[in-house]
Amino acid sequence: MEGKEEDVKLGANKFSERQPLGTSAQTKDYREPPPAPLFEAGELKSWSFWRAGIAEFIATFLFLYVTILTVMGFKKNPNKCATVGIQGIAWAFGGAIFVLVYSTAGISGGHINPAVTLGLFLARKLSLTRAIFYIIAQVLGAAAGAGVVKGFAPALYQGQGGGANGIAPGFNIGQGLGAEIIGTFVLVYTVFSATDAKRSARDSHVPILAPLPIGFAVFLVHLATIPITGTGINPARSLGAAMVFNTSAAWHNHWVFWVGPFIGAAIAALYHQVVIRAIPFKSSN
């Protein structure tokens, strides 16, 4: 997501509007923008850098606020048929990501997730400085969002698990880790595909629609993995809820919700950059 406008500018007018998709359009190469520097000192003096971090904080705060409240509403009612159900929870997570990515993409890239930030960093879409700053902002925003929910109803929050992730009974650590890896791969691969600069330059509608498939990816992954891990795929979401809930259950196997998403994000970045875009091979020619 980061640097999308620059990528589109570099690739503007490379393809005719009448160019058939999936055919000869792919025979014309797109000049890749230079990779982001590992450390860019000038960023620290730029208001856009700090503004982007604030946007990530606010977006992650709102994400946790909406989604954890939804989970609490589901759990407090003994009659689950009278609640939104698992489908409603999945819609809350996916819909929140759709809205927040749409709102912040032009400011920070709309990551709202350390796994997304890591994947884009590994693809050299943003500097290490910005990646670290984003992750810190995301974690703080997540903790603040969960904290506000707890402030509304402390007893309910503590009594209903606080929205913290955990491996469900009947599943082992390996299965939970696998679910987090695959789920995060789906999300980060969708992010790369939906924001691909070459595709955006060729298909003018792609940048407008980008938040939609990203939100749907989150929705689908939640449908699949809520019964297994409660669905992390976002280390900031998992850590923020665990910090505020702060019980032994919240921290049990918590590492799964960092290691799994980071592995999934790294695989997605590798797959997109090496297999789909073949960037290392282009660079060597």
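These numbers come from a predicted model, not from an experiment.

Basis of the calculations
Residues numbered from 1 in each chain as written. Predicted model: local features only at pLDDT ≥ 70, side-chain atom pairs only at ≥ 80, totals over all residues. Heavy atoms only, no water. Helix = DSSP H or I, 4+ residues; strand = E, 2+ residues; numbered from the N terminus. Buried < 20%, exposed > 50% of the residue type's maximum accessible area, 1.4 Å probe, protein only. Contact = heavy atoms within 4.5 Å. Areas by Shrake-Rupley, 256 points an atom, 1.4 Å probe, with all protein chains shown as cover. Salt bridge = Lys/Arg side-chain N within 4 Å of Asp/Glu carboxyl O. Polar contact = N/O pair within 3.5 Å; in protein donor to acceptor, adjacent residues only side chain to side chain. Phe/Tyr/Trp six-rings, centres within 6.5 Å; stacked < 30°, edge-to-face > 60°. Core = buried A, V, L, I, M, F, W, Y, C linked by side-chain atoms within 4.5 Å.

Quick look at the overall build of the protein chain
Step number 1: A count of helices and strands for the protein chain gives 14 helices and zero strands.
Step number 2: Starting at the N terminus and walking to the C terminus, you meet the elements of the protein chain as α-α-α-α-α-α-α-α-α-α-α-α-α-α.
Step number 3: For the protein chain, the proportion of its 285 residues judged to be buried stands at 48%.
Step number 4: Within the protein chain, contacts between residues separated by at least 24 positions form 78% of all contacts whose residues are at least 6 apart in sequence.
Step number 5: Of the roughly 13200 Å² of accessible surface on the protein chain, a fraction of 67% belongs to carbon and sulfur atoms.

Structural notes on the pattern of salt bridges
Step number 1: Under the definition given, this model contains one salt bridge.
Step number 2: A salt bridge links Glu43 to Arg130, with the shortest nitrogen-to-oxygen separation between them at 3.0 Å. Here Glu43, found in the loop between helix H1 (4-11) and helix H2 (47-76), pairs with Arg130, found in helix H5 (residues 128-152); they are 87 residues apart in sequence, far enough to count as distant.
Step number 3: For Glu43, a relative accessible area of 9% corresponds to the buried category.

Regarding the side chain of Asn253
Step number 1: For Asn253, the position within the fold is in the loop between helix H12 (248-251) and helix H13 (256-276).
Step number 2: The exposure class assigned to Asn253 is buried, which follows from its relative accessible area of 16%.
Step number 3: Of the polar contacts made by the side chain of Asn253, one reaches the side chain of His252; its length is 3.2 Å.
Step number 4: Setting aside anything within four residues of it in sequence, one finds Asn253 in contact with Ile167 and Ile173.

A look at the packing of aromatic side chains
Step number 1: Enumeration according to the criterion identifies 14 aromatic pairs in this entry.
Step number 2: When the ring of Tyr65 is compared with that of Phe152, the centres are 6.0 Å apart and the planes differ by 75 degrees; the resulting orientation is edge-to-face. Of this pair, Tyr65 sits in helix H2 while Phe152 sits in helix H5; the two residues are 87 residues apart in sequence, bridging distant segments of the chain.
Step number 3: A relative accessible area of 27% means that Tyr65 is categorised as partly exposed.

Focus on the nonpolar core
Nonpolar side chains in soluble globular proteins tend to end up buried together.
Step number 1: Ranked by size, the top nonpolar core spans 50 residues in total, and within it Phe63, Ile97, Ile112, Tyr157, Leu187 and Ile214 carry the most contacts.
Step number 2: Of all the elements in the fold, those that place two or more residues in this core are H2, helix H3 (85-104), helix H4 (114-122), H5, helix H7 (173-194), helix H10 (211-229), helix H11 (235-245) and H13.
Step number 3: For this core, the element with the most residues is H2, which contributes nine residues.
Step number 4: Beyond its immediate sequence surroundings of up to four residues, Tyr157 is in contact with Ile68, Met72, Ala146, Val149, Lys150, Gly162, Ala241, Val244 and Phe245.

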